[in-house]
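A closer look at the structure
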Amino acid sequence: MMSKTFYITTPIYYVNDKPHVGTGLTTLIADAVSRFQRAQGKTVFFLTGTDENAPKVAAAAQKAGKDPQAFVDEMASVFERYWQTLNIRYDIFMRTTRTDHKRAVQRVFQQLLAKGDVYAGEYEGWYCISCETFWTGAKVEEERLCLNAECRKPLEHRKEHSYFLRLSAYADRLRDYIQANPSFIEPETRRNEVLSFIAEGLQDVAISRLEANWGTPVPGEDNMVIYVWFDALINYLTATGWGENGVADPILWPPDLQLMGKDILPRFHATIWPATLMALELPLPKQLFGHGWWLFKGEKISKSKTPGGLADPLLIVRELSADAQCEERFAVDALRYYMLREMPTQSDTNFSVEALEARYNADLANDLGNLLHRTLSMTHRYLEGQVTNAELEPEIAAVFQKAVRETAAAFHETQFPAGLQTAWEIIRAVNHYYDSRAPWNLAKQGDLAGVGQTLYAGLEASRILSIILSPVMPSVCEAIAGQLNLPYETRWSEAEKLNGLPVGHALNQPTPVFPRLQPKAEAPAAPEKKPPQEVKPMDEMISIDEFKKIKIRVARVTAAEPHPNANKLLKLTVSLGDETRTIVAGIAESHTPDQLVGRQVLILANLQPATLRGVVSEGMLLAADIDGKAILLSPETEVPDGTGVR
RNA sequence: GGCGGUGUAGCUCAGUGGUCAGAGCAUCCGGUUCAUACCCGGGGGGUCGGCGGUUCAAAUCCGCCCGCCGCUACCA
């Protein structure tokens with residue numbers, strides 16, 4: 001029987017935006033793991049792809065004036081181009097618009113329906129069209145805004161016939177499984193998060209949506225499609241050909257490693273997904289790995305705050321390549337190295353061009369590149385470019401072997417920062433060794449045998465590095481092998497061997513792979529670049545008539561007290577002259593009650609009342625928002641309470 | 001607020017009871033010159049977030065507090 005293939009996946013990405021450094025990181029980790037596993041002799045099946053069945057996609061296509069299928073085709077190819085440029089070698093680019101996928105999803109649906117793990121019911125609740133999610137809870141009832149912090153759009157009340165996945169029935173099994181198999185969810189902090197998420201109680205999830213035009217139709221229903229997340233998760237299964245007969249291919253199934261950002265782990269990959277597999281009586285993935293996020297200057301990457309160029313891997317590569325005068329494919333490898341050397345695992349990590357450049361110079365130009373270059377230069381200068389001695393001193397050989405072993409152990413655990421750090425021990429050891437042996441002095445003394453023996457350490461180090469670094473920097477490693485006049489070798493077992501360069505082997509002339517980055521001349525007080533003003537499309541504008549519907553009035557705070565049942569809210573009593581109202585405001589973190597009494601403030605007066613933690617609020621306090629901190633607005637001079645604002 | 005993390009040199013981080021607490025980068029000094037102004041050595045720089053406790057011995061275990069992060073829950 002054939003041995004099990006190493007099956008590794010990234011999430012399939014939403015096609016409504018091009019890749020950024022976040023999706024780039026997940027995909028890069030997957031590529032490096034794939035290359036490493038291949039180097040270990042495994043057959044690898046590496047899946048990435050695009051999630052195309054979201055109703056939002058159809059809407060975006062319509063807006064762009066395109067046919068939805070043409071639109072997703074275009075976006076899918078944008079992703080494929082990105083991955084090609086970053087030298088990502090996947091085996092399958094999965095797309096959920098594939099008919100075999102859709103058929104297989106329907107098969108899952110029918111199978112679970114027959115078993116009772118999917119049941120028909122009625123869904124009533126608040127729905128975010130943009131996020132394609134129903135939200136529940138007191139907060140939603142009150143504010144009717146999407147709970148997704150990035151979205152916060154108004155929700156729509158929907159009551160619809162729906163199908164549910166009986167997730168609640170799997171909560172105990174899931175919890176037990178996770179506890180019995182700690183390596184199922186890594187790293188540990190994610191595992192704890194998932195366990196507490198489950199402990200809070202898993203609700204059955206609606207897995208159908210009313211929608212006729214785009215998505216995977218629910219079997220036997222008109223105008224109903226499968227919920228896009230449920231549809232998307234199943235891609236990992238349908239990509240293996242499961243849909244053909246409903247039997248999992250034992251060569252491929254289950255996945256060995258499923259990578260993703262931490263945000264989509266608890267709610268989807270660690271609950272809905274394994275519960276679905278349990279319901280299908282299929283083995284669960286061996287491991288779900290949720291890495292942390294890249295931050296920009298300590299803040300979460302976001303479309304509004306992060307300058308576009310910083311988040312686009314291709315622009316970063318292009319700029320580095322231009323600044324350093326290195327080939328673009330090597331700049332790609334430099335970015336790959338940086339991302340994996342500093343990859344966020346437990347917590348989030350800052351991403352910065354400065355840090356990338358620091359790694360480039362210190363690790364790649366000064367260490368890796370320079371070691372190869374000085375070694376080859378001396379070989380040509382003293383030994384006519386030939387290997388004259390193929391015997392490593394035992395001490396240095398031991399260092400190499402230990403580093404190769406430890407690097408492999410770290411890569412096996414997806415610990416690239418540790419693995420790369422260990423690999424660099426080899427470089428450090430050779431630089432030390434050169435310093436103690438001073439082959440340039442040996443040459444002056446005519447001890448060419450000594451020179452040959454010393455330089456052999458650098459040659460072997462370069463050969464070994466060209467193998468063990470190739471999961472991370474494939475193009476660079478190929479170039480190193482080329483300068484050593486060796487065929488490009490990626491098999492790890494060849495790195496474990498010593499003395500791989502025979503006496504008499506002729507080396508090629510060295511060329512710097514990573515030319516050193518020169519410190520940028522201080523830009524002569526470049527004027528602060530203003531981001532181009534975004535032109536608001538007309539549909540975000542409102543008419544004067546719409547504005548006239550909004551009644552803003554001046555009110556005086558006559559009393560203020562903490563909300564009896566909430567710690568971020570204050571309960572205010574305000575006077576509008578002829579009328580007194582109670583207003584609940586979320587300003588307890590920025591204001592104390594006594595700071596407010598007597599003040600004039602602006603309120604939105606014709607807002608529907610809402611109950612907030614048991615207190616009816618009859619209006620909304622207006623305030624400027626500085627990172628969530630409220631700065632209250634007041635009239636320029638005292639005016640009669642209740643004065644209207646226009 | 002609840003739950004889970006985290007806080008160690010200017011920066012990024014190792015270090016889960018036991019020599020004066022470590023590495024890389026940065027910085028300063030020295031050496032070297034084969035090499036991409038590179039490499040090698042050395043120095044400076046830390047009350048290991050704070051306060052208590054356990055112990056012969058704590059960055060490491062326990063308790064409380066503070067800061068930051070994540071999930072979650074009331075910022076109309």
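Residues numbered from 1 in each chain as written. Chains lettered and ligands numbered in written order. Predicted model: local features only at pLDDT ≥ 70, side-chain atom pairs only at ≥ 80, totals over all residues. Heavy atoms only, no water.

Structural notes on the sheet that holds strand β7 (residues 185-186)
Where we set the bar: At least two bridges found by DSSP between two strands is the condition for calling them paired. Strands are runs of DSSP state E lasting at least two residues, helices are runs of H or I lasting at least four, and both sets are numbered from the N terminus onward. Contacts: residue pairs with any heavy atoms within 4.5 Å of one another. Axis angles are defined between N-to-C directions and span 0 to 180 degrees, where every axis is a line fitted to C-alpha atoms and, for a helix, only to the segment in contact.
An order of β3-β2-β1-β11-β12-β7 is seen for the six strands of this open sheet, with the pairing classed as parallel. At either margin of the open sheet sits one strand with a lone partner, and together these are β3 (92-95) and β7. The sheet strands contacting helix α3 (residues 68-85) are β1 (6-14), β2 (44-51) and β3, and the helix crosses β3 at an angle near 155 degrees.

Notes on the environment of Asp-73
The condition that has to hold: Pairs of N or O atoms are called polar contacts if they sit within 3.5 Å, as long as, within protein, a hydrogen donor faces a hydrogen acceptor (for residues adjacent in sequence, only side-chain-to-side-chain pairs).
Positionally, Asp-73 belongs in helix α3. Remark: the alpha-carbon pair of Asp-73 and Glu-395, spanning 322 residues in sequence, is separated by 57 Å. Side chain to side chain, Asp-73 and Arg-95 meet in a polar contact 2.6 Å long.

Let's talk about the side chain of Glu-489
When you line up the elements, Glu-489 lands in the loop between α19 (474-483) and α20 (492-496). A polar contact of 2.9 Å, which involves the side chain of Glu-489, links it to the side chain of Arg-491. Each residue touching Glu-489, except ones within four places of it in the same chain, is listed here: Ser-466, Ile-467 and Glu-494.

Remarks on the packing of aromatic side chains
Quick note on the threshold: Working definition: a ring pair exists when centres of Phe, Tyr or Trp rings (six-membered ring for Trp) sit within 6.5 Å. Plane angles under 30 degrees give stacked, over 60 give edge-to-face, the rest tilted. Throughout this description, buried means an accessible area under 20% of the type-specific maximum (1.4 Å probe, protein chains only), exposed means over 50%, and partly exposed covers the range between. Criterion for a charge above a ring: Arg CZ or Lys NZ at most 6 Å from the ring centre, at most 35 degrees from the ring normal.
Here the structure, examined in full by the defined rule, presents 22 aromatic pairs. Where Trp-253 meets Trp-273, the ring centres are 6.2 Å apart and the plane angle is 85 degrees; that geometry is what we call edge-to-face. With a gap of 20 residues between them, Trp-253 in the loop between α9 (235-238) and β11 (257-261) and Trp-273 in helix α10 (residues 265-279) connect regions that are remote in the sequence. Under the relative-accessibility criterion, Trp-253 is labelled buried at 4%. Put simply, the rings of Tyr-7, Phe-45, Tyr-236, Trp-253 and Trp-273 touch in pairs and so form one group of aromatic residues. The residue whose ring lies beneath Arg-107 is Trp-242, and the NZ or CZ to ring-centre distance is 5.9 Å. Just above the ring of Trp-293 sits the side chain of Lys-262; from NZ or CZ to the centre is 4.8 Å.

Thoughts on empty space enclosed by the protein
Convention followed: Throughout, the protein atoms alone are placed on a 1 Å grid, and a set of points is a cavity if a 1.4 Å probe fits but cannot get out or a pocket if it is open with protein on both sides within 12 Å along at least five of seven lines; lining residues have an atom within 4 Å of a point. Grid points are joined across faces, edges and corners, and a volume is the space filled by probe spheres set on the points.
In this structure the tally under the stated criterion is one cavity of 30 Å³ or more. Empty space within the largest cavity amounts to approximately 30 Å³. Looking at the largest cavity, the residues that line it are Leu-368, Gly-369, Leu-372, Val-476, Ile-480, Val-513 and Phe-514. Elements that contribute at least two residues to the lining of the largest cavity include exactly α14 (353-383) and α19.

Examining the state of the cysteines
Test applied: The criterion for a disulfide is a pair of cysteine sulfur atoms lying within 2.5 Å.
Taken as a whole, this structure holds zero disulfides when the rule is applied. Left without a disulfide partner, Cys-326 is nearest to the cysteine sulfur of Cys-477, which lies 15 Å away.

Brief notes about the confidence of the model for chain A
Note the threshold: Confidence of the predictor at the level of single residues is captured by pLDDT, which takes values from 0 to 100.
With 84% of its residues at a pLDDT of 70 or more, chain A has an overall mean of 85. Every residue in residues 521-541 scores below 50 in pLDDT, and together they form three contacts with partners more than four places removed in sequence or on other chains. Taken over the whole predicted complex, pTM reads 0.80, whereas the ipTM for its chain interfaces reads 0.89.

Examining the pattern of salt bridges
Inclusion rule: What counts as a salt bridge is simple: a side-chain nitrogen of Lys or Arg found within 4 Å of a carboxyl oxygen of Asp or Glu.
Going through the model one piece at a time under the given rule, you end up with 25 salt bridges. As a salt-bridge pair, Arg-38 and Asp-91 come within 3.7 Å of each other at their nearest N and O atoms. Separated by 53 residues along the polypeptide, Arg-38 in helix α1 (residues 21-39) and Asp-91 in the loop between α3 and β3 bring together distant segments of the chain. The partner of Asp-117 in a salt bridge is Lys-115, with the nearest N and O atoms 3.3 Å apart.

Side note on helix α4 (residues 99-115)
In an α-helix, one full turn covers 3.6 residues, which means residues spaced three or four apart are oriented alike. Using the following cut-off: Helix span, as expected, comes to 1.5 Å for every residue beyond the first.
Spanning 17 residues, α4 covers 24 Å between terminal C-alpha atoms, matching the ideal 24 Å at 1.5 Å per step. Listing the buried residues of α4 in full gives His-101, Lys-102, Ala-104, Val-105, Gln-106, Val-108, Phe-109 and Leu-112.

Observations regarding the packing of α1 against helix α13 (residues 328-341)
To keep it simple, the criterion reads: Should an angle fall under 35 degrees it is called roughly parallel, over 145 degrees roughly antiparallel, and 65 to 115 degrees roughly perpendicular, with every other angle called oblique.
For the pair α1 and α13, the least separation of the axes is 10 Å and the interaxial angle reads 95 degrees. Between α1 and α13, the angle falls in the class roughly perpendicular. Counted together, Val-21, Gly-24, Leu-25, Leu-28, Ile-29, Asp-31, Ala-32 and Arg-35 of α1 and Arg-336, Met-339 and Leu-340 of α13 form the full contact between these two elements.

Focus on unusual backbone geometry
Generally, phi is negative for residues other than glycine and the peptide bonds are trans, each holding for most cases. Here the residue pair Glu-186 and Pro-187 is connected by a cis peptide bond, since its omega of -10 degrees sits within 30 degrees of zero. With respect to the helices and strands, the residue Pro-187 is situated in the loop between β7 and α7 (188-199). Of the consecutive residues Trp-253 and Pro-254, the connecting peptide bond is found in the cis state with omega at 0 degrees. Positionally, Pro-254 belongs in the loop between α9 and β11. One non-glycine residue with positive phi stands out, namely Thr-414, at about 60 degrees. For Thr-414, the position within the fold is in the loop between α15 (394-412) and α16 (416-437). The phi dihedral of Ala-438 is positive, around 40 degrees, even though this residue is not glycine. Classification of Ala-438 as buried rests on a relative accessible area of 11%.

Considerations on the side chain of Asn-53
When you line up the elements, Asn-53 lands in the loop between β2 and α2 (55-63). With a relative accessible area of 2%, Asn-53 lands in the buried category. In terms of polar contacts, Asn-53 uses its side chain to reach the side chain of Thr-216, at 3.3 Å. Within polar-contact distance, the side chain of Asn-53 engages the side chain of Asp-231 at 3.1 Å. Those residues in contact with Asn-53 that sit more than four places away from it in its chain are Thr-96, Thr-97, His-101, Lys-102, Trp-214, Gly-215, Thr-216, Val-228 and Asp-231.

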